[in-house]
Amino acid sequence: MSLLQVDGLTIRYGDNEVVRDLSFAIEAGESVGVVGESGSGKSQMALAVLGLLPGNAVTNGSVLLNGTEVLNASEKTLNGLRARHMALVFQDPMQALNPFVRIGAQLRVILTTHNLASGREADARVLDMLQRVGLPDPERQFRAYPHQLSGGMRQRAMIASALIAAPELLIADEPTTALDVTVQAQILELLEEIRRDTTLLLITHDLGIIAGHCERMLVLEQGRLVESGTTIDIFASPQHEHTAALIDAAPRLDRGDVLSAVAGNEVLQLCNVSVSYDERNGDSLQAVRNLSLSVSAGETVAVVGESGSGKTSLVRAALGLVPLQSGRVLFCGEELGGLVQSRPIAMRRDLQLVFQDPAGSLNPQMRVASIVDEPLLVHERGLSSEERQKQVAAMLDRVGLDASYRARFPHELSGGQAQRVAIARALILKPKVLVCDEAVAALDGSVRKEILALLGDAQKDGGLAIVFITHDLAVVRAISHRVLVMYMGRLVELADCASLYSRAQHPYTKALLDAVPTPDPAAAGGTVSLSGEVPSILSPPSGCAFHPRCRFAKDICRAELPLPRIVNGSIVACHRAEEISL
Amino acid sequence: MLRYTVLRVLGAIPTLLLVIVLAFLMVHAAPGGPFDDERVLPPEIEANIAKKYHLDEPLHRQFLRYLGGVVQGDLGPSYSYRDHTVSELIGGALPLSLHLGALAMLLSLIVGVTAGTAAALRKNTVLDRTVMALAMTGISIPVFVVAPVLVLVLAVYLQWLPAGWSGNAGGARYLLPVVSLALPQIAYIARLTRASMIDVLASDFIRTARAQGLGTIAIVRYHALKPAMLPVLSYMGPAVAAILTGSVVVEEIFGIPGLGQLFVRGALNRDYTLVLGIVIFYATLIILLNLLVDILYAVIDPRVRQR
Amino acid sequence: MMSLGSTWQRLRQNRTVMICGGLLFGVVVVACIGPLVSPNDYLQTDFDNLLSPPTVTDMQVFGTDDLGRDLFVRSMLGVRVTIVIAVVASAVSLVIGVIYGAVAGFVGGRVDAVMMRFVDTLYALPFIFFVILLMVAFERNFLLIFVAIGAINWLDMARIVRGQTLSLREREFVAAARVTGVSAPRIIFRHIAPNLMGVVIVYVTLTIPQAILVESFLSFLGLGIQEPQTSLGALVNAGVNQMEGAPWMLLIPAALLASILFCCNFLGDAMRDVFDARHTA
């Protein structure tokens, strides 16, 4: 008997079938990956197994756990299976843990509810579990509230709560998507340990994670199972075209050409820029410290960093959306004033931006055509309304949206379509610099590839300079000429794409590269070379901010701030760049 | 936590001061004094009265004098009850009103929270719809309509309960006034509880708790109740204000010699010092209560404490 | 959030909105036309016909009061006064609240902090007692009622509009417009205002019953509308005094007041459902 046997599972909301006729089985001891894009039904499937679908979901088929029917089972039956036989790790531990209850109490109540332990024994078991998932100082975390833990620690606590009643089947639904890259690697390592004695069903959009951690995989497309088999076989020769497309769209660090540096006029220069914010309680948060960067016409510069690195603050300051604390911003050699309001109107057309959240960056009350038209209305006052309409239509056509989209409202667009509109709005004035703030982070792999290609095309036509902010080094590998890596507001490394990806000079850059899971079961990837998490930006470590996490750190790193200098043609801020071999 | 509490307490002081200034100015900016309208008095008597009540001093002196009194619990003499000070009058009427108000508040909380939670757990069922329809009715009928209609039906027609206050004794006479005061608050609290309970039950951490195999009762007890009670807690300030307001009409309708009746009589007799004193007393009560609610809020929500 | 056009469609499809809206409209129409059609006058006393129960003769369908005045005409007058006061007072709170809230939200920073601290302080005050104090000090002044009620209700509106403006201001489409050089007035009127409409409409509908409540409360205590003018609160008060002998004098205005409040509250609730972002996702 299989541990989990799914037969003909169909989930419907009204007329909308989100999972269609899904059948598969999982044997005890296996680790199986489920991959699919948004809307593939992978999370719905997980909720169905746990019996957590909302009341308006209609299900058909059968889901057997250890031979017990789970689908449409009574709450009592389900509660007998949950925690002790099956458990679920959710995506975002900030949302999935109760902010009002201490971590220890949240775990304890699971044991007491299922009569597994009580009193001191329960406390001891909880502490033991917190220790097992690698939480430092378990006694302290036992008494802590979720908001007092860092993102990675919260996810460890979440995993501990799933494992506390020793379930046979652990389902992890995008367990690392809400985390930073280096923390993701640590959590994946923990899951790797767990799967030695627990059956794991790992749901993700990231083929790299599957490749590294699952023996077998299922590929879902729009609610259907399109392919299943061993991970090695599927990656070697995908049978279904959707699988092939997914593998093709997965960004890779180890394959494909990188762009070589371009020599053009410098259009945007940031000189010794610092940005700080005043907190409510009177503290000030130093988001960017003394950072310099110049961007040439026709060049794409990727700005890479984890949360709190200051990458977004840096470009927002350049655009004049937040005030500079010190430093200068030059555009084509001319100094730009402080905030965007005070900049000359003619200059504003040359600096445009595209945001991460495609829906949020479009006014919900305006139609697509008016959204794209607005910049023309401001800057091309001489144009007649017909001419403007013509330009809008041409622009929409260029980003791949036909005439039928012009009258739509943003809520009638998919994420990818909305992002195309945002790009059309940014490009219609033919700007010299385009800033993309995580512009593809919210999109599925295939859509992401299209949008990146669109941006690449836009650059080919003219001398457009692109500044691309991202947390993912793999995504920008194919499209950037140079890469700036930031950590806690400072420059860590600034290098040509070719040299950065082949031989990183800074231990942090190397760790970021190592942490990216490689979508290839044959290649080693996603290894942990970095412990701990990014410290609070409010109290940065002394000397080199990276030293507490750096295995090469010496006394000088703790005492002195490393200044950016040229090492092997790259700009690196590390005292020991020459001595260490990465 | 201590820092938070101290900050909150300090923050309440300017509000209190503002109340006193505003109330004082309103009364003193009024055209004509308390003794102006009825009779025309000889100038020397008028001067005497003005002197007695310090009306001949400049406004800021009067205010400082008044403020000094307020700090010591002295709200000045009453204009209409000549033998009593305002503080004495308030002190005399307060226990009865406090009694009524506390009972109404307790009733509102118990019935409101229970009904709201039940409706939320049985969302979109007959029970839920009934509770919500009743609550909507409760909100839409003002206290001064509920009270006389209840009297008309239960006391006058059916004669189950005593209609008035004086001449009756025992607990039964509390019933109608307390219920009249509580009904709209029960309705508000039930709606509030239902809405926030539904919100909380839809949150991700409740789904986690369900995934952990906790039953409904355990989920409500360990996970949902605390966060769901926060909006209700925030409503305590306005609820007390509403009950105080309600007590003004309820005491009038039932003839209860409490603070509310004293206030209305004072207002109709244009007894400035009395009305001023009661307003300041009410305001202080509500501000202190809001303060208590703020502190309780921080006790329940660990995230607030750090701010 | 969604476009206004489709919102109107959703309102049209919402049964509660249509029924309550229709009922309210009906009451207002009768209140406007009724007294014109009726042969009776709100002032005319008839001492041969005191406290007579409802009857169809002389169109005295609601009966007469203790001075023999026709209760139907007086009730309709009361409805008119009540609704006019509520609407005007809500309009006052709308104007003050929206402007105050929008300025605080749009300017932000220290200005916002100070403005909102002020609102918080006022919020803690038991306003109704201040209104009574005002009424005592300044005699019963019709205009004062508007101001007083408006002054209570603008706080909520200001808070809500400020919160919305603040979050809209931080939204990415506004940042995109600012970067492109769209002028501040155009940002306010094209990007922020249309997205505020939803909440403003909802809260105005919720403000009206509150205003009705305050006005009728004051009138009930004899501190609002004065004889021979009347409002529903004053009529209920008169009814309480006569309720043992002439229960219709209490029950009719009480029922009218309760149904108007009921419809307004239901309408406000339904509007909130329609406009609430969570329901439009």
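The shown structure was predicted, so the numbers you read here are calculated from the model rather than taken from an experiment.

S.K.: A description of helix H3 (residues 59-71) of chain B should follow, citing residues and the corresponding values.
M.R.: Residue and element names in this part refer to chain B. Here H3 is 13 residues long and its end C-alpha atoms lie 18 Å apart, about the 18 Å a rise of 1.5 Å per residue gives. Taken residue by residue, H3 has Gln62, Phe63, Tyr66, Leu67, Gly69 and Val70 as its buried positions. In an axial view of H3, the angular spread of the buried residues amounts to 160°, which keeps them on one side of the axis. Structural note: H3 exposes His60, Leu64 and Val71 on the side pointing more than 90 degrees away from its buried face. Check the buried side of H3 and you find it contacts helix H1 (2-28) and helix H11 (272-300).

S.K.: An account of the packing of aromatic side chains is requested, with residue identities and associated values reported.
M.R.: Using the criterion set out here, one finds 14 aromatic pairs over all chains in the structure. Each ring, one from A:Tyr487 and one from A:Phe546, has its centre 5.2 Å from the other, and the planes form 85°; the classification is edge-to-face. You can see A:Tyr487 sitting in strand E19 (residues 482-487) and its partner A:Phe546 sitting in the loop between helix H20 (507-515) and helix H21 (555-559), a full 59 residues away along the chain. Of the residues examined, A:Tyr487 reaches a relative accessible area of 4% and is grouped as buried. Relative to C:Phe72, the ring of C:Phe62 lies with its centre 5.3 Å away and its plane at 75°, an arrangement referred to as edge-to-face. With C:Phe62 in the loop between helix H2 (15-37) and helix H3 (71-107) and C:Phe72 in helix H3, this residue pair connects regions lying 10 residues apart in the sequence. Ring-pair connections join several aromatic residues into one group, and the members of that group are B:Phe263, B:Phe281, B:Tyr282 and C:Phe129. Lying across the ring of A:Tyr501, A:Arg477 places its NZ or CZ 5.6 Å from the centre. The ring of A:Phe100 is capped by B:Arg303, whose NZ or CZ atom sits 5.1 Å from the centre of that ring.

S.K.: Now, about the sheet that holds strand E9 (residues 216-221) of chain A: what can you tell me, with residues and values included?
M.R.: All names here are of chain A. In space, the 6 strands of this open sheet follow the order E6-E7-E8-E3-E9-E10, with mixed pairing throughout. What marks the edges here is a single partner per strand, and that holds for strand E6 (86-89) and strand E10 (224-230). The mean inter-strand angle of the sheet, taken between neighbouring strand axes irrespective of direction, is 15°. Relative to strand E7 (residues 169-173), E6 is paired through 4 bridges, and the arrangement is parallel. Opposite valine 89, over in E7, you have alanine 172 as the bridge partner.

S.K.: Please provide a residue-by-residue account of helix H5 (residues 127-137) of chain C, values included.
M.R.: Of all 11 residues in H5(C), 11 are buried; the element is thus mostly enclosed. Buried within H5(C) are the following residues: C:Phe127, C:Ile128, C:Phe129, C:Phe130, C:Val131, C:Ile132, C:Leu133, C:Leu134, C:Met135, C:Val136 and C:Ala137.

S.K.: Kindly report on the confidence of the model for chain B, identifying the contributing residues and their values.
M.R.: Of the residues in chain B, 93% have a pLDDT of 70 or more, and the chain-wide mean is 86. Of all helices and strands in chain B, the one with the weakest mean pLDDT is helix H2 (residues 43-52) of chain B (72), whereas helix H8 (residues 204-211) of chain B scores best (95).

S.K.: How would you summarise a positive patch on the surface if you had to cite specific residues and measurements?
M.R.: On the surface, a cluster of positive charge is made up of A:Arg102, A:Arg140, A:Arg143 and B:Lys226. Its place among the elements puts A:Arg143 in helix H6 (residues 138-143).

S.K.: Go over the packing of H1(B) against H5(C) with me, naming the residues and quoting the values.
M.R.: Running from N to C, H1(B) and H5(C) point in directions that differ by 20°, and their axes come no closer than 9 Å. As the angle between them shows, H1(B) and H5(C) are arranged roughly parallel. The residues of H5(C) that touch H1(B), namely those facing B:Val19, B:Leu22, B:Ala23, B:Met26 and B:Val27, are C:Phe130, C:Leu133, C:Leu134 and C:Ala137. For the contact of H1(B) with H5(C), a count of residues per class yields 9 nonpolar, no polar and no charged.

Cut-offs used in this document
Residues numbered from 1 in each chain as written. Chains lettered and ligands numbered in written order. Predicted model: local features only at pLDDT ≥ 70, side-chain atom pairs only at ≥ 80, totals over all residues. Heavy atoms only, no water. Helix = DSSP H or I, 4+ residues; strand = E, 2+ residues; numbered from the N terminus. Expected span 1.5 Å × (residues − 1). Buried < 20%, exposed > 50% of the residue type's maximum accessible area, 1.4 Å probe, protein only. Arc of directions from axis to C-beta. Contact = heavy atoms within 4.5 Å. Phe/Tyr/Trp six-rings, centres within 6.5 Å; stacked < 30°, edge-to-face > 60°. Lys NZ or Arg CZ within 6 Å of the ring centre and 35° of its normal. Pairing = 2+ DSSP bridges. Axes fitted to C-alpha atoms, helices over the stretch in contact; angles between N-to-C directions. pLDDT = per-residue confidence, 0-100. Patch = residues over 30% accessible without salt bridge, like charges linked within 9 Å, V, L, I, M, F, W, Y side chains within 5 Å. Areas by Shrake-Rupley, 256 points an atom, 1.4 Å probe, with all protein chains shown as cover. Salt bridge = Lys/Arg side-chain N within 4 Å of Asp/Glu carboxyl O. Lys, Arg positive; Asp, Glu negative; His and termini not counted. Charge placed at Lys NZ, Arg CZ, Asp CG, Glu CD. Parallel < 35°, antiparallel > 145°, perpendicular 65-115°, else oblique. Nonpolar A, V, L, I, M, F, W, Y, C, P; charged D, E, K, R; others polar.

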